[in-house]
Amino acid sequence: MILEDKISALEGAESTLVMTSGMCANTVMLLALVPKGGHIVTTTDCYKETRKFMETFLPKLGITVTVIDSADTTGLEAAVNKHEISMFFTESPTNPFLRCVDIELVSEICHKRGTLVCIDSTCATPLNQKALVLGADLVLQSATKYFGGHNDVLAGCISGSTKLVSEIRKLHRVLGGTLNSNAAYLLIRGMKTMHLRVQQQNSTALRMAQILETHPKVSRVYYPGLPSHPDHHIAKRQMTGFGGVVSFEVAGDLGTTIKFIDSLKIPYIATSFGGCESLVDQPAISSYWDLPQEERLKHGIKDNLVRFSFGVEDFDDVKADILNALEVILPPSEKFSTMV
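Figured I'd write up the structure that's included with this text. (Residues numbered from 1 in each chain as written. Predicted model: local features only at pLDDT ≥ 70, side-chain atom pairs only at ≥ 80, totals over all residues. Heavy atoms only, no water.)

### A short note on the pairing of strand β9 (residues 245-250)
Basically, it comes down to this: For each residue, the accessible area found with a 1.4 Å probe, counting protein chains only, is set against the maximum for its type, and the residue is called buried under 20%, exposed over 50%, and partly exposed in between. In this description a helix means any DSSP run of H or I spanning at least four residues, a strand means any run of E spanning at least two, and both kinds are numbered starting from the N terminus. By definition, two strands form a pair when at least two bridges between them are found by DSSP.
Across the six residues of β9, six count as buried, placing the element largely inside the fold. The two faces of β9 match: Val 245, Ser 247 and Glu 249 on one face and Val 246, Phe 248 and Val 250 on the other face are all buried. Of the pairings in the sheet, the one linking strand β8 (residues 218-222) to β9 comprises four bridges and is antiparallel in character. Residue pairing in the sheet places Tyr 222 in a bridge with Ser 247 of β9. Summarising the sheet, β9 and strand β12 (residues 305-309) pair through five bridges and their orientation is antiparallel.

### Comments concerning the sheet that holds β9
Operational definition: Here a residue-residue contact requires only that any non-hydrogen atoms of the pair lie within 4.5 Å. Where helices are involved, their axes are fitted lines through C-alpha atoms of the stretch in contact, as for all axes, and angles between N-to-C directions lie from 0 to 180°.
Read from one edge to the other, the open sheet built from five strands follows the order β8-β9-β12-β11-β10, with strand pairing classed as mixed. Looking at which strands have only one partner, the edges of the open sheet turn out to be β8 and β10 (268-269). Across the face of the sheet, helix α9 (residues 194-213) comes into contact with β8 and β9 while running at roughly 15° to β9.

### Examining unusual backbone geometry
Along the chain, Ser 92 connects to Pro 93 via a cis peptide bond; the corresponding omega equals -5°. Looking at the secondary structure, you find Pro 93 in the loop between β4 (87-91) and α5 (103-111). The omega torsion of the bond from Asn 95 to Pro 96 falls at 15°, within 30 degrees of zero and hence cis. You can see Pro 96 is positioned in the loop between β4 and α5. In this structure, Leu 98 is a non-glycine residue whose phi angle is positive, near 55°. By the secondary structure assignment, Leu 98 is in the loop between β4 and α5. We classify Leu 98 as buried; its relative accessible area is 3%. Although it is not a glycine, Thr 125 sits at a positive phi angle of roughly 70°. With respect to the element layout, Thr 125 can be found in helix α6 (residues 125-128). The buried category is assigned to Thr 125, whose relative accessible area is 1%.

The following block contains the structure:
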């Protein structure tokens, strides 16, 4: 397929398989490559549905999971030495806290024991990070995001060696999830402008993260492009850009954060990211709405957490919109200068 060849060229892969969604690519890949009774290692911060699949479905096949912190390479080394690990699977950067794993180092650790490494690089794109070049065996993308780029198509893809992708393709034929031709066309269309969009999104996200970090109504910013981010040293080494998603915590409670989001004019309230339009969501009442607060906090999801996906709008317009919305929740004595 032309689309698969184009993605392989971007990723530096021998082969690529496209499917109907990122989760389809994720689940088919795990089912195809992790045997019954196998063991996988993953990280604490990851897409909620990925975690749910690992914790609730894979155990039915006798597959066990070890969960470590993204930075815990010592824990990874201990796990691969103690168990016969089939795969180390993580996102880099992760969603929503944008943690980064040292792909070169974890690949070296895993390959000594014959463990496969799969990196979900959706938040980075192959334009910002070449996971396969850094040593990973497979790289997964939710092509719904930056590849499509227009919030009008669902797709996922998995890239790597012909041998591994062929194994996944065999099971994919059985399970279904074949991408339709119109979706493939929309992805090829989106890829034509992906470099322009990602360049703008990288720039806007970094500049806004720097501004938000100094704002009195923002208590914390999560963005790998900031020196304050715990994995900045890793991101700086293995990424050429830091992506268009910034997560931050408003200095306030659930209601204050809702007020901030409702005061925004430019972004749509939605849980996706990577498109031309800016999107914003509050994980506590969107993707994590079905968990009680105590469970959300175990995953670091506070009531005041905001995930902002920057689009391709003019930077000054987006900046003014965010600062104006923060002004709404600021008491008069703490008004922030819009001249930042």
